[in-house]
Amino acid sequence: MADTDTRNGRHVLITSVQNNAVDVIAAKIAQLNSSHIRPVRFVSEKIIADTNRFVQYDLANLLERFHLTHAEQLEEDEIEKFAQFADCRQRLREFVLTGTDPDVMRAEHSELLMLERNTSKLIKQLVDIFIRVYKPNVFLCTVASALNITAPEGLLSDCYERWASVLLDEALMLPEAVLITMLSRFQNSCSTLNGDSKQLPPSSTAPMSG
């Protein structure tokens, strides 16, 4: 599907309920080795410490190297912004992967919080530049991320309407309300629902009212 659509100049969103399912899809896209597909994956930095993930297309990883891989297509100030992001993310990653050491001083904690805030402010600018230069045409993420990044203040609030196709994997695991929201959000896209009867059904828990 992705290869056919991108050959015809279409943009595709491929989404699933679980991150590990998105990992599998990303790995399969890599195996296609298609010159037409320029994938990018949106994933929460909360799972950055998971070293078993397929990370080749992760947005943050692409942004971190973008000033090196696409320097010829960037302005000097843009290169500087990407380099700043790479430095901040490297330091944040070191902190996440090593954990909170009891000996870390309060000042260092403050610096880490400042790094996180500065990185967050840069992200929207960098994503806009990235999309302009890299021109991704296949977007990978979980259903939750898809709704977040296309919300009014989301990273892709300005461009998601160009997606011609939306593939919902593990569709049987989606609660009806979420499915309706997805179909409504991407009502101008051709949506394909994929799933099987052996998947776990959607579930939610809530405290009982007394």
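Residues numbered from 1 in each chain as written. Predicted model: local features only at pLDDT ≥ 70, side-chain atom pairs only at ≥ 80, totals over all residues. Heavy atoms only, no water.

What to know about the overall build of the protein
No. 1: Each helix and strand counted, the protein has seven helices and five strands in total.
No. 2: Ordered by position from the N terminus, the helices and strands of the protein form the series α-β-α-β-α-α-α-β-α-β-α-β. (Helix = DSSP H or I, 4+ residues; strand = E, 2+ residues; numbered from the N terminus.)

Side note on the confidence of the model for the protein
No. 1: Predicted confidence across the protein gives a mean pLDDT of 81, with 75% of residues reaching 70 or more.
No. 2: Within the model, pLDDT remains below 50 along residues 203-210, and this stretch shows zero contacts once partners closer than five positions in the same chain are excluded. (pLDDT = per-residue confidence, 0-100. Contact = heavy atoms within 4.5 Å.)

Looking at a negative patch on the surface
No. 1: A grouping of E75, E76, D77 and E80 is seen on the molecular surface, where their side chains present a negatively charged patch.
No. 2: Along the chain, the position of E80 falls in helix 4 (residues 76-98). (Patch = residues over 30% accessible without salt bridge, like charges linked within 9 Å, V, L, I, M, F, W, Y side chains within 5 Å. Areas by Shrake-Rupley, 256 points an atom, 1.4 Å probe, with all protein chains shown as cover. Salt bridge = Lys/Arg side-chain N within 4 Å of Asp/Glu carboxyl O. Lys, Arg positive; Asp, Glu negative; His and termini not counted. Charge placed at Lys NZ, Arg CZ, Asp CG, Glu CD.)

Structural notes on the pairing of strand 4 (residues 163-168)
No. 1: With respect to burial, strand 4 is a largely interior element, five of its six residues being buried.
No. 2: One ladder, built from five bridges, connects strand 1 (residues 11-16) with strand 4; its direction is parallel. Bridge assignment links V12 to a residue of strand 4, and that residue is S165.
No. 3: Sheet topology places strand 4 next to strand 5 (residues 190-193); four bridges connect them, and they run parallel. Note on strand 5: the bridge partner recorded for L167 is T192.
No. 4: Following the backbone out of strand 4, through helix 7 (residues 176-185) and into the adjacent parallel strand 5, one traces a crossover that is right-handed. (Buried < 20%, exposed > 50% of the residue type's maximum accessible area, 1.4 Å probe, protein only. Pairing = 2+ DSSP bridges. Right-handed = clockwise from strand over helix to strand, strands pointing away.)

Overview of unusual backbone geometry
No. 1: Even without being a glycine, N33 presents a positive backbone phi close to 50°.
No. 2: In this structure, N33 sits in the loop between helix 2 (19-32) and strand 2 (39-41).
No. 3: For N33, a relative accessible area of 70% translates into the label exposed.
No. 4: Residue E170 is not a glycine yet carries a positive backbone phi of 55°.
No. 5: With respect to the helices and strands, E170 occurs in the loop between strand 4 and helix 7.
No. 6: By relative accessible area, E170 is classed as buried at 8%.

Regarding the sheet that holds strand 1
No. 1: The five strands lie next to each other as 2-3-1-4-5, forming an open sheet whose pairing is parallel. The sheet terminates laterally at strand 2 and strand 5, the two strands that pair on one side only. The sheet shows a mean angle of 15° between the axes of neighbouring strands, direction not considered. (Axes fitted to C-alpha atoms, helices over the stretch in contact; angles between N-to-C directions.)

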